Amino acid sequence: MPTKSYYIDHEQKRVLSIHTTPKYRRSTLFLDGNELQAIEGKKSLKQGIEINLDRSNKLFVQLKNFFPEGRLVQLLLNGVPVKGSATDPDKRIIGHFILLLISGLLTLLSSIYIEFFTMWGSAAIPAMQITALVTGTIVIGVAFAFRSLHFYAILVGLFLVFANSLHAFILAFSSNDLALTILAIVKALIAVYVLTAIPLSRQKAAYRLKSPWLIEQGKKVGQLKDFKQGDHTNYIP
């Protein structure tokens, strides 16, 4: 497997890398190009390894199963997923974003299909085509709402996605059309899948108050000054 690298500081100077061999026989961690630690075997990786980078920073590495993606290597820096790593909520939501875009585009294409291949194509008032265009556009907008991982935006988005799926089934049953039925089933499966965005949103909210970056001890506290007794002889507590 290729080596994957991630910046772990704001200035994008410190780089954490992980190289994993097939079937996780050996996983090697690097910090700024220097080998940090090698983890032998899948069993050790599944148990998890904690590494002290310095007195302020801890890295936790573990192979875990995540629904629905499957087995992923989790990299936690001070309890927060490393930015861009496999278990970063902003990274995991990309799959939901792409599927919702596909769902919206399929709805837009169904408008063309309805126009030329169904009994509504010759209707004086193209209500079915218009609703397909409107709902398809809404679902594409919902995809971008999901990308933000805002909890309430996701709740509203899920309502719209399931409403769009219901609309697709109404079209399919009304026309008794195989293509529209397949489309409705695909959209329903996507709607069920994107329910997993709710725990992702909760996870991101839990991490919001924590820094995802390397803690720099020099920036975290100031320098202690020497205490001079002579300067405080007249001080009365």
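Residues numbered from 1 in each chain as written. Predicted model: local features only at pLDDT ≥ 70, side-chain atom pairs only at ≥ 80, totals over all residues. Heavy atoms only, no water.

A. View of empty space enclosed by the protein. One pass over the full model with this rule turns up one cavity of 30 Å³ or more. In this structure, the largest cavity spans a volume of roughly 60 Å³. Every element with two or more residues in the lining of the largest cavity is listed here: α2 (89–117), α4 (151–175) and α5 (178–193). Take the lining of the largest cavity: its biggest share by element is four residues, from α4. Tallied by class, the residues present in the lining of the largest cavity amount to five nonpolar, four polar and one charged. (1 Å grid on protein atoms, 1.4 Å probe; cavity = no way out; pocket = protein on both sides within 12 Å on 5 of 7 lines; lining within 4 Å. Points joined across faces, edges and corners; volume = space filled by probe spheres on them. Helix = DSSP H or I, 4+ residues; strand = E, 2+ residues; numbered from the N terminus. Nonpolar A, V, L, I, M, F, W, Y, C, P; charged D, E, K, R; others polar.)

B. Structural context of the nonpolar core. Within the largest apolar cluster, 20 residues are counted, with the highest numbers of intra-cluster contacts made by V61, V73 and L75. Mapped by element, the contributors of at least two residues to this core are β2 (15–20), β3 (26–31), β5 (49–52), β6 (58–66) and β7 (70–77). The residues touching V73, leaving out its near neighbours within four places in the chain, are I18, Y24, L45, V61, Q62, L63, A86 and T87. Counting 16 residues, the second largest nonpolar core, distinct from the first, contains I93, L100, L158 and L200. (Core = buried A, V, L, I, M, F, W, Y, C linked by side-chain atoms within 4.5 Å. Buried < 20%, exposed > 50% of the residue type's maximum accessible area, 1.4 Å probe, protein only. Contact = heavy atoms within 4.5 Å.)

C. Quick look at the packing of α2 against helix α6 (residues 197–207). Close contact between α2 and α6 brings their axes to 10 Å; oriented N to C, the two are set at 160°. One finds that α2 runs roughly antiparallel with respect to α6. Between α2 and α6 lies a crossing whose hand is left-handed. Across the interface between the two elements, P89, D90, R92, I93 and H96 of α2 pack against A197, L200, Q203, K204 and Y207 of α6. Taken together, the residues that form the contact of α2 with α6 break down as five nonpolar, two polar and three charged. (Axes fitted to C-alpha atoms, helices over the stretch in contact; angles between N-to-C directions. Parallel < 35°, antiparallel > 145°, perpendicular 65-115°, else oblique. Left-handed = near helix turned anticlockwise from the far one by under 90°.)

D. Spatial organisation of the layout of surface pockets. Volume-wise, the largest pocket comes out at about 230 Å³. Those elements that place two or more of their residues in the lining of the largest pocket are β1 (4–7), β2 and β7. The element best represented in the lining of the largest pocket is β7, accounting for four residues. Roughly 160 Å³ of volume is contained in the second largest pocket. V80, P81, K83, D88, P89, D90, K204, Y207, R208, K210 and P212 are the residues that line the second largest pocket. Mapped onto the lining of the second largest pocket, the elements with two or more residues apiece are β8 (80–81), α2 and α6. Residue composition of the lining of the second largest pocket, grouped by class: five nonpolar, no polar and six charged.

E. Looking closely at the packing of α2 against α5. Contact geometry of α2 with α5 gives a least axis separation of 10 Å together with a crossing angle of 160°. Considering the angle they form, α2 stands roughly antiparallel to α5. The hand of the α2/α5 crossing is left-handed. Across the interface between the two elements, H96, L99, L100, S103, L106, T107, S110, Y113 and I114 of α2 pack against A179, L180, L183, V186, K187, I190 and Y193 of α5.

F. Local environment of the side chain of S111. As for its placement among the helices and strands, S111 is situated in helix α2. Not counting residues within four places of it along the chain, the set of residues in contact with S111 comprises Q129, A132 and L133.

G. Expanded view of the pattern of salt bridges. A complete count under the given rule lists five salt bridges for this structure. A salt bridge links K83 to D90, with the shortest nitrogen-to-oxygen separation between them at 3.5 Å. Look at D90 and you get buried, because its relative accessible area is 18%. Between D90 and K204 there is a salt bridge, and its shortest N-O distance comes to 3.0 Å. Separated by 114 residues along the polypeptide, D90 in helix α2 and K204 in helix α6 bring together distant segments of the chain. Shared partners join several salt bridges into a network, and the residues in it are K83, D90 and K204. (Salt bridge = Lys/Arg side-chain N within 4 Å of Asp/Glu carboxyl O.)

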